[in-house]
Amino acid sequence: MFEYCIDPPALEGLKWLSCYLTTGKHLAFYSAFGTVLLLLAVTAPTALAFGFGGAMAARARIAPLRWFGKGYIAVVRGVPDIAFFLFFVIALDQGLEYLRHKVKCPDWDEPLRQGSDFIVCQAAKMPLGNAPQWVHEVYGFSLAVVTFAIVFGAFAANVLFGAMRAVPRAQIETAEAYGMSHRQTFWRITVPQMWVYALPGLSNLWMVLIKATPLLFLLGVEDIVYWARDLGSAKTPRFTDYPHGDWRVYYFLVLLVFYLAFTRVSEIVLGRLMNRLTRGQATTGGEAQRKAA
């Protein structure tokens, strides 16, 4: 196939299209779909862990820990996502470089803040300037995962906090009557039963997380939105062997189909999970399954 791509001006029809769709940039565009899926696969459990920790902190008996948990939920949920993404990544990146600077360059006598620039010694750069490209990509992706996890973890914490409180009080009292400690009651009664109350909120949060993946572009990650905009914009013969007009509508149509298909698959999986969790539970879904049986 690549043999007849050597002379682009002579290409026509399907040959031109096949050569065009197999360029290096298009291969990067296709791999960017994997980047989005990897982000979701890593961020979802990480955000759930942040949320579970935040919910436990918000209902802790120790006052400072409880204040921290409720403050985390309130502050992060109250800040617009795009503002948090733009601010937190810069703050985290500069914070890491500042700590490395203090350790690796103790004799530095110049100010770190020079106008709007933040300047540290070369040894403190994150990552180093001579590091391979994959190191820069992994570092940017890691910052994205942490940022997504903190933001959506706060929303998950609010959902889980409400789900823990939704577990019938009679279940807790029965466990206490059997002599279970507070810790045993939480892990054996509250946690197993809270998921049926938390799943509707977590399902919505999962859908929002899917729609928020284009924010990767703001974090410097070359995601599908970045490549769709770059490849779809008008190209002239002076700068490329494959000139074309403004094709962004077609590329973004591909993204539309991808997101709609992915959310539909998510709805099916979450629906089946909900049916499984409600089985035998004293909820509307559980009662409907009992009567159907």
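Residues numbered from 1 in each chain as written. Predicted model: local features only at pLDDT ≥ 70, side-chain atom pairs only at ≥ 80, totals over all residues. Heavy atoms only, no water.

### Looking at the overall build of the protein
Applied cut-off: Secondary structure elements are defined from DSSP: runs of H or I of at least 4 residues count as helices, runs of E of at least 2 residues count as strands, and each element is numbered from the N terminus. Throughout this description, buried means an accessible area under 20% of the type-specific maximum (1.4 Å probe, protein chains only), exposed means over 50%, and partly exposed covers the range between. Residues are treated as being in contact if the distance between any of their heavy atoms lies within 4.5 Å. In short, Shrake-Rupley with a 1.4 Å probe defines the accessible areas, and a residue's cover is counted only from the protein chains shown.
Along the protein, the regular secondary structure elements total 10 helices and 2 strands. The order of helices and strands in the protein, counted from the N terminus, is α-α-α-α-β-β-α-α-α-α-α-α. Within the protein, the fraction of its 293 residues that count as buried is 37%. Long-range pairs, those at least 24 residues apart, make up 66% of the contacts in the protein with a sequence separation of at least 6. As displayed, the protein offers around 17,500 Å² of accessible surface, 63% of which is attributable to carbon and sulfur atoms.

### Observations concerning the UniProt feature "transmembrane region" (unreviewed entry) in the protein
Condition: UniProt positions are given in the numbering used here, feature names are shortened, and annotations may be inferred rather than shown by experiment.
Residues given the UniProt feature "transmembrane region" (unreviewed entry) here are residues 27-50, 71-92, 138-161 and 249-270. Helix makes up 100% of residues 249-270 and strand makes up 0%, while its end C-alpha atoms are separated by 31 Å.

### A closer look at a nonpolar patch on the surface
Under the convention used in this document: Exposure above 30% relative accessible area and no salt bridge define the residues that can form patches, which grow by joining like charges within 9 Å and nonpolar side chains of Val, Leu, Ile, Met, Phe, Trp and Tyr within 5 Å. In the sections that follow, a salt bridge refers to a side-chain nitrogen of Lys or Arg positioned within 4 Å of a carboxyl oxygen of Asp or Glu.
Residues Leu 14, Leu 17, Leu 21, Leu 27 and Tyr 30 make up a contiguous nonpolar surface patch of roughly 480 Å² in combined accessible area. Elements supplying a minimum of two residues to the nonpolar patch: α1 (13-20) and α2 (24-58). With respect to the secondary-structure elements, Leu 14 resides in helix α1.

### Here's the deal with the packing of α2 against helix α5 (residues 133-166)
Packed helix pairs are specified by the crossing angle of their axes together with the interaxial distance, meaning the distance between the axes. Short version of the rule: As a rule, the C-alpha atoms of each element are fitted with a line to give its axis, helices using only the stretch in contact, and angles between N-to-C directions run from 0 to 180 degrees. Our angle categories are set so that under 35 degrees counts as roughly parallel, over 145 as roughly antiparallel, 65 to 115 as roughly perpendicular, and the remainder as oblique. Crossing handedness is defined as follows: a turn of the near helix away from the far one that is anticlockwise and smaller than a right angle gives a left-handed crossing, while the clockwise case is right-handed. Any residue outside Ala, Val, Leu, Ile, Met, Phe, Trp, Tyr, Cys, Pro, Asp, Glu, Lys and Arg is labelled polar, Gly included; the first ten of those are nonpolar and the last four are charged.
Two elements in contact, α2 and α5, have axes whose closest approach is 5 Å; the angle formed by their N-to-C orientations is 45 degrees. Here α2 is positioned oblique relative to α5, judged by the angle of their axes. The hand of the α2/α5 crossing is right-handed. Within the contact of α2 with α5, the residues separate by chemical class into 21 nonpolar, 6 polar and no charged.

### Remarks on the environment of Ala 124
Its location among the elements puts Ala 124 in the loop between β2 (117-118) and α5. With 22 residues separating them along the chain, Ala 124 and Lys 102 place their C-alpha atoms 8.5 Å apart. Once residues lying within four places of it in the same chain are set aside, the contact partners of Ala 124 are Glu 97, Arg 100 and His 101.

### Thoughts on the packing of aromatic side chains
Geometrically, a pair of aromatic rings is defined through the distance of the ring centres and the angle of the planes. Going by this rule: In this scheme Phe, Tyr and Trp rings, the latter by its six-membered ring, pair at centre separations within 6.5 Å, and the angle between planes marks the pair as stacked below 30 degrees, edge-to-face above 60, and tilted otherwise.
The tally for this structure, following the rule as stated, stands at 13 aromatic pairs. Ring geometry for Tyr 226 and Trp 227: centres 5.0 Å apart, planes at 80 degrees, overall edge-to-face. The exposure class assigned to Tyr 226 is partly exposed, which follows from its relative accessible area of 25%. A relative accessible area of 9% places Trp 227 in the buried class.

### Comments concerning the side chain of Thr 185
Relative to the helices and strands, Thr 185 is located in helix α7 (residues 182-212). By relative accessible area, Thr 185 is classed as buried at 4%. With near-sequence residues (within four places) excluded, Thr 185 lies in contact with Ile 172, Ala 175, Glu 176, Met 180 and Thr 190.

### Things to note about the packing of helix α3 (residues 63-78) against α5
α5 packs onto α3 with a crossing angle of 120 degrees between their chain directions and a minimal axis gap of 9 Å. Classified by the angle their axes make, α3 and α5 are oblique. α5 is crossed by α3, and the crossing has left-handed handedness. Residues Tyr 72, Ile 73, Val 76 and Arg 77 of α3 pack against Ala 149, Ile 150, Val 151, Gly 153, Ala 154, Phe 155, Ala 157 and Asn 158 of α5. Of the residues belonging to the contact of α3 with α5, the class tally is 9 nonpolar, 2 polar and 1 charged.

### Description of the nonpolar core
For clarity, the cut-off: Among buried residues, those of type Ala, Val, Leu, Ile, Met, Phe, Trp, Tyr and Cys that are joined through side-chain atoms within 4.5 Å constitute a nonpolar core.
Grouped together as the largest cluster of nonpolar side chains are 66 residues, with contacts concentrated most on Phe 29, Phe 148, Phe 152, Met 194 and Ile 224. Considering every element that reaches this core, the biggest residue donor is α5, with 17 residues. The contacts of Phe 152, once residues within four sequence positions are left out, are Ala 47, Leu 205, Val 208, Leu 209 and Ala 212. One finds Leu 112, Phe 118, Val 120 and Ala 124 within the second-largest nonpolar core, a separate group that totals 6 residues.

### Some points on the pattern of salt bridges
One pass over the structure, following the stated rule, counts 5 salt bridges. Among the ionic pairs, Glu 176 bridges to Arg 169, the shortest N-O distance being 3.8 Å. Owing to a relative accessible area of 41%, Glu 176 belongs among the partly exposed residues under this scheme. With a relative accessible area of 49%, Arg 169 lands in the partly exposed category. We note a salt bridge from Arg 264 to Glu 267, for which the minimum N-O separation is 3.1 Å. Within this pair, Arg 264 and its partner Glu 267 are both found in helix α9 (residues 248-278), separated by 3 residues, close to a single helical turn. For Arg 264, a relative accessible area of 48% corresponds to the partly exposed category. Each of the salt bridges in this network shares a partner with another, and the network as a whole consists of Arg 169, Glu 173 and Glu 176.

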